[in-house]
Amino acid sequence: MRRKVFGRISVLAKDRVTEIVQAALTSARDQGLLSFEGVPEITIEVPRSKEHGDFSCNVAMALAREAGLPPRSIAEHVVKNIAEDGIIERTEIAGAGFINFYLKPGWLHDIVRDIDEQGAEYGRSDAGKDLRVLLEFVSANPNGPITVASARGGVIGDTLARLYELTGAAVAREYYINDAANSTQMINFGKSVVVRYLQELGKDVEMPEDGYQGDYVTQIAREIAEKDGDKWVAADEEQRLTEFTRRSEAAMIDQQREDLEEFGITFDRWFSERSLHDSGKVKETVDLLTERGYTYEQEGAVWLRSSAFGDDKDRALVRSNGQPTYIAADAAYHADKFRRGWNKLINIWGADHHGYVPRTKAAIAALGYPAEELDVIIYQTVRLFSGGELVMMSKRAGDVISLSELMREVGRDAARYFLLMRSYDSPLDFDLELAKSESEENPIYYVQYAHARIAAILRKAQEEGWSVPAAGDAHLELITEEAETDLIKKLGSWPEEVATAAFQHEPHRLAPFAIDLARLFHKFYTDCRVLGEDRLLSEARLTLVKATRTVLANLLNTMGVSAPERM
RNA sequence: GCGCCUGUAGCUCAGUGGAUUAGAGCAUCUGACUUCGGAUCAGAGGGUCGGGGGUUCGAGUCCCUCCAGGCGCGCCA
């Protein structure tokens, strides 16, 4: 039987069950036992409780109305028509009309062999091979270090990118730099650096109330002072501001890039907003929108008729002073993404930008691109807690906790894991004490401990001269304990988990999956002695232990978290 | 006022796209190693899934409404 997707044994088993049900339905219809049009969509699922079999099917309920029969009698017709098959051990009808399937143990052995053969590739598929996915995330203003909030977007985006890569999609990560010269925030930032610079040189100037107070502002000013001395003290104010803003921005971008790299996130491209203005692409985009009939002038400004595409109201594209707005540049940016051949755009924005989604989609649609191919993930706020106390944060006041401080405090692994583990539409409370605690309360330690424990077993096995047979040679039929089969089933669900997390855009699912897998391993470890009296059993278990390490390592790697050999 | 998000065990949160008996971690209590890492495992208690309607054979899940909280609603970005 042909594999539909490379490396998805559990899915293979599921596909096989699907085909069997399909054939049984057709057969029952041919005998006149059931009547329905076409072939219904059959969903085979892994039941919540294993008392309901390895797989279950609700098609009897789904078909009840059309067939005009009670679900249980439909289920009976289906079960009676299930042909003899090498994979199914037995079936049962349960509940309202569920058909539960119990598979022969061989399907579990296939999972272990598959993992053994594929190693680090296990979990990879070609399910997304036709996709060209461009993820845009973080995109923080270059007026400060990466904050904890931006880091959440970073982890979500980077992990989703890794997941898409595992589905065989072409993937790129982009950071959109909000470096437009006319940004009031950036000018304000530049002014703050000027003030610190003058103060460095002993001038008596005061930081305005709305200035940026952070230490990094002083740091940049000090660097300029060291390099250029007092050459800017008496300079033309406007020229000085422009120069300082530009240099400060460049310094911030460098720092952001370094922080993100240390966090395990690298971008394929840092896309400058200013470059869109300088190259004339913003103007071209506005002109194109006008040609297409979606703009009008009012009170000296040019407006996009975004309300024609579902936005609440129309949006200004060009101010009455001739300056294009942010949306004009963003429209040009998104048009550029499509022109470069990406067919799936994913933007990851903070909750404070959610109002921006309809106008961005409107601009894309007005330009003639498929707005439905843009998916904007809005993540909710991050709150830091320390000792049960909320840590207040304000960027301008300079008391934000930056990503680099967070990593110093709790480490990269805990930071990534904690920022990933909640669904992005839930607010995230980050407990600093928990993240750095080395105990079972800390989920990241729990998971990494499982990996280290496996490494310890394999080390010991090697020291004692045990051989770990290839899965094809191991006596996997000796693996019969419940803790063992539960573990294997979880291992087998990894490829499907990857595809689901990728295509549903739910990278946070990896966190509970990791906990589950670690728990199942710890349970197995407690119940089943690996290096024991029975050599064949021990070898079979070593093979299983190794397979578990493979999946755990692949999983941790997908989360951007290290898989330690020792802790 | 309008829009988006959230409301599930004492706490923090999952919930496989409507389905068999609502789950996990932590916290609390009770247990488990003379052998592979106890940074572990097992068991127990704990729920009107924010309230109320509706659709359905079946709703934590879909629709309506109300309540509470967060975030937005600019010729800022």
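Now for a quick tour of the structure. It should be emphasised that the depicted structure is a prediction, and the values quoted were computed from it without experimental measurement.

1. Some words on a negative patch on the surface
Then comes step 1: Together, Asp254, Glu258, Glu261 and Glu262 line one region of the surface with negative charge.
Then comes step 2: Considering the arrangement of structural elements, one finds glutamate 262 in helix α8 (residues 237–262).

2. Some details on the protein's contact with RNA strand B
Then comes step 1: Taken together, 63 residues are adjacent to RNA strand B, and Phe98, Arg319, His354, Tyr446 and Arg453 come closest.
Then comes step 2: Near the protein, within 4 Å, the atoms of RNA strand B are sugar or phosphate in 63% of cases.
Then comes step 3: Here a sugar or linking oxygen of RNA strand B sits 3.2 Å away from a polar atom, N or O, in the side chain of arginine 519.
Then comes step 4: Of all the elements in the fold, those that place two or more residues in the surface near RNA strand B are α2 (59–67), β4 (98–103), β9 (301–304), α16 (443–463) and α19 (510–527).
Then comes step 5: The biggest single contributor to the surface near RNA strand B is α16, with eight residues.

3. Some remarks on helix α11 (residues 326–339)
Then comes step 1: With 14 residues, α11 extends 20 Å from end C-alpha to end C-alpha; this agrees with the ideal 20 Å at 1.5 Å per step.
Then comes step 2: In terms of residue burial, α11 counts as a mostly covered element, since 12 of its 14 residues are buried.
Then comes step 3: Of all the positions in α11, only Ile327, Ala328, Ala329, Asp330, Ala331, Ala332, Tyr333, His334, Ala335, Asp336, Lys337 and Phe338 are classed as buried.

4. What about the sheet that holds β9?
Then comes step 1: Reading across from one edge, β8-β9-β10 is the order of the three strands in this open sheet, with antiparallel pairing throughout. One side of each edge strand has no neighbouring strand; the edge strands of this open sheet are β8 (295–298) and β10 (315–318). On average, each strand axis in the sheet is tilted by 45° relative to the strand beside it, whichever way the strands run.
Then comes step 2: By the bridge criterion, four bridges tie β8 to β9 in an arrangement that is antiparallel. Across the sheet, tyrosine 296 pairs through a bridge with tryptophan 303, a residue of β9.
Then comes step 3: Contacting β8, β9 and β10, helix α10 (residues 281–291) runs over the sheet at an angle of about 100° to β8.

5. Considering the packing of aromatic side chains
How two aromatic rings sit relative to each other is set out by the distance from centre to centre and by the angle between their planes.
Then comes step 1: Applying the stated criterion across every chain, the model contains 23 aromatic pairs.
Then comes step 2: Between tyrosine 176 and tyrosine 326, the ring centres sit 6.4 Å apart and the planes meet at 70°, which makes this aromatic pair edge-to-face. Of this pair, tyrosine 176 sits in strand β6 (residues 170–177) while tyrosine 326 is found in helix α11, placing the two residues 150 residues apart along the sequence.
Then comes step 3: Their ring planes at 45° and their centres at 4.5 Å tell us that phenylalanine 271 and tyrosine 333 sit as a pair that is tilted. You can see phenylalanine 271 sitting in strand β7 (residues 269–272) and its partner tyrosine 333 sitting in helix α11, a full 62 residues away along the chain. Each member of the pair, phenylalanine 271 as well as tyrosine 333, carries the same accessibility label: buried.
Then comes step 4: An aromatic cluster of at least three residues, connected via ring pairs, comprises Tyr176, Phe271, Tyr326, Tyr333, Trp349 and Tyr356.
Then comes step 5: Looking at arginine 132, its charged tip hangs above the ring of tryptophan 342, at a distance of 4.4 Å from the centre.

6. Concerning the pairing of β9
Then comes step 1: Counted along the chain from β8 to the antiparallel partner β9, the turn is two residues long, and its residue glutamate 299 has a positive phi close to 50°.
Then comes step 2: With three bridges connecting them, β9 and β10 associate as antiparallel partners. By the bridge assignment, leucine 304 is partnered in β10 with arginine 315.

7. Some remarks on the sheet that holds strand β3 (residues 88–94)
Then comes step 1: Spatially, four strands are ordered β1-β2-β4-β3 in an open sheet, and the strand pairing comes out antiparallel. The sheet is open, and its two borders are formed by β1 (44–45) and β3, each paired with just one other strand.
Then comes step 2: With six bridges connecting them, β3 and β4 associate as antiparallel partners. Across the sheet, residue isoleucine 93 finds its bridge partner in β4, namely isoleucine 99.
Then comes step 3: Lying on the sheet, helix α3 (residues 71–80) is in contact with β3 and β4; it crosses β3 at an angle near 165°.

8. Quick notes on the side chain of histidine 522
Then comes step 1: Mapping histidine 522 onto the fold places it in helix α19.
Then comes step 2: Ignoring any residue separated from it by four or fewer positions in sequence, one finds histidine 522 in contact with Tyr446, Tyr449, Ala450 and Arg453.

9. Section: the nonpolar core
It is characteristic of soluble globular proteins that their nonpolar side chains tend to be buried jointly.
Then comes step 1: Within the largest apolar cluster, 121 residues are counted, with the highest numbers of intra-cluster contacts made by Val21, Phe101, Leu419 and Phe430.
Then comes step 2: Beyond its immediate stretch of four places on either side in the chain, phenylalanine 430 contacts Val382, Arg383, Leu384, Phe385, Leu406, Val410, Ala414, Ala415, Phe418, Leu419 and Ala435.
Then comes step 3: Formed by 34 residues, the second largest nonpolar core is a distinct cluster that contains Ala331, Tyr333, Ala351 and Ile378.

10. What about the packing of helix α5 (residues 148–166) against helix α18 (residues 494–503)?
Then comes step 1: At a minimum axis separation of 9 Å, α5 and α18 run at an interaxial angle of 125°. Classed by the angle they form, the pair α5 and α18 counts as oblique. Seen along the crossing, α5 lies across α18 with a hand that is left-handed. Between α5 and α18, the contacting residues are Leu160, Leu163, Tyr164 and Leu166 on the first element and Val498, Ala501, Ala502 and Phe503 on the second.
Then comes step 2: The residue inventory of the contact of α5 with α18, partitioned by class, reads eight nonpolar, no polar and no charged.

11. Brief notes about the pattern of salt bridges
Then comes step 1: Applying the stated criterion across every chain yields a total of 34 salt bridges.
Then comes step 2: Where glutamate 243 meets arginine 246, a salt bridge forms, and the shortest distance between an N and an O atom there is 3.7 Å. Taken together, the positions of glutamate 243 and arginine 246, both in helix α8 and three residues apart, correspond to about one turn of that helix.
Then comes step 3: Among the residues examined, arginine 246 registers a relative accessible area of 43% and is labelled partly exposed.
Then comes step 4: Between glutamate 539 and arginine 535 there is a salt bridge whose closest N-O contact spans 2.9 Å. Here glutamate 539 and its partner arginine 535 are both found in helix α20 (residues 535–559), four residues apart, which amounts to about one turn of the helix.
Then comes step 5: Linked by salt bridges that have partners in common, Asp158, Arg162, Glu165, Arg173 and Arg416 make up one network.

12. Digging into unusual backbone geometry
Then comes step 1: Although it is not a glycine, valine 138 adopts a positive phi angle of roughly 65°.
Then comes step 2: One non-glycine residue, serine 139, lies in positive phi territory at about 40°.
Then comes step 3: For serine 139, the location among the structural elements is in the loop between β5 (132–136) and α5.
Then comes step 4: Here serine 139 falls in the buried class, since its relative accessible area comes to 14%.

Rules of the game
- Residues numbered from 1 in each chain as written.
- Chains lettered and ligands numbered in written order.
- Predicted model: local features only at pLDDT ≥ 70, side-chain atom pairs only at ≥ 80, totals over all residues.
- Heavy atoms only, no water.
- Patch = residues over 30% accessible without salt bridge, like charges linked within 9 Å, V, L, I, M, F, W, Y side chains within 5 Å.
- Areas by Shrake-Rupley, 256 points an atom, 1.4 Å probe, with all protein chains shown as cover.
- Salt bridge = Lys/Arg side-chain N within 4 Å of Asp/Glu carboxyl O.
- Lys, Arg positive; Asp, Glu negative; His and termini not counted.
- Charge placed at Lys NZ, Arg CZ, Asp CG, Glu CD.
- Helix = DSSP H or I, 4+ residues; strand = E, 2+ residues; numbered from the N terminus.
- Near = heavy atom within 4 Å.
- Polar contact = N/O pair within 3.5 Å; in protein donor to acceptor, adjacent residues only side chain to side chain.
- Expected span 1.5 Å × (residues − 1).
- Buried < 20%, exposed > 50% of the residue type's maximum accessible area, 1.4 Å probe, protein only.
- Pairing = 2+ DSSP bridges.
- Axes fitted to C-alpha atoms, helices over the stretch in contact; angles between N-to-C directions.
- Contact = heavy atoms within 4.5 Å.
- Phe/Tyr/Trp six-rings, centres within 6.5 Å; stacked < 30°, edge-to-face > 60°.
- Lys NZ or Arg CZ within 6 Å of the ring centre and 35° of its normal.
- Core = buried A, V, L, I, M, F, W, Y, C linked by side-chain atoms within 4.5 Å.
- Parallel < 35°, antiparallel > 145°, perpendicular 65-115°, else oblique.
- Left-handed = near helix turned anticlockwise from the far one by under 90°.
- Nonpolar A, V, L, I, M, F, W, Y, C, P; charged D, E, K, R; others polar.

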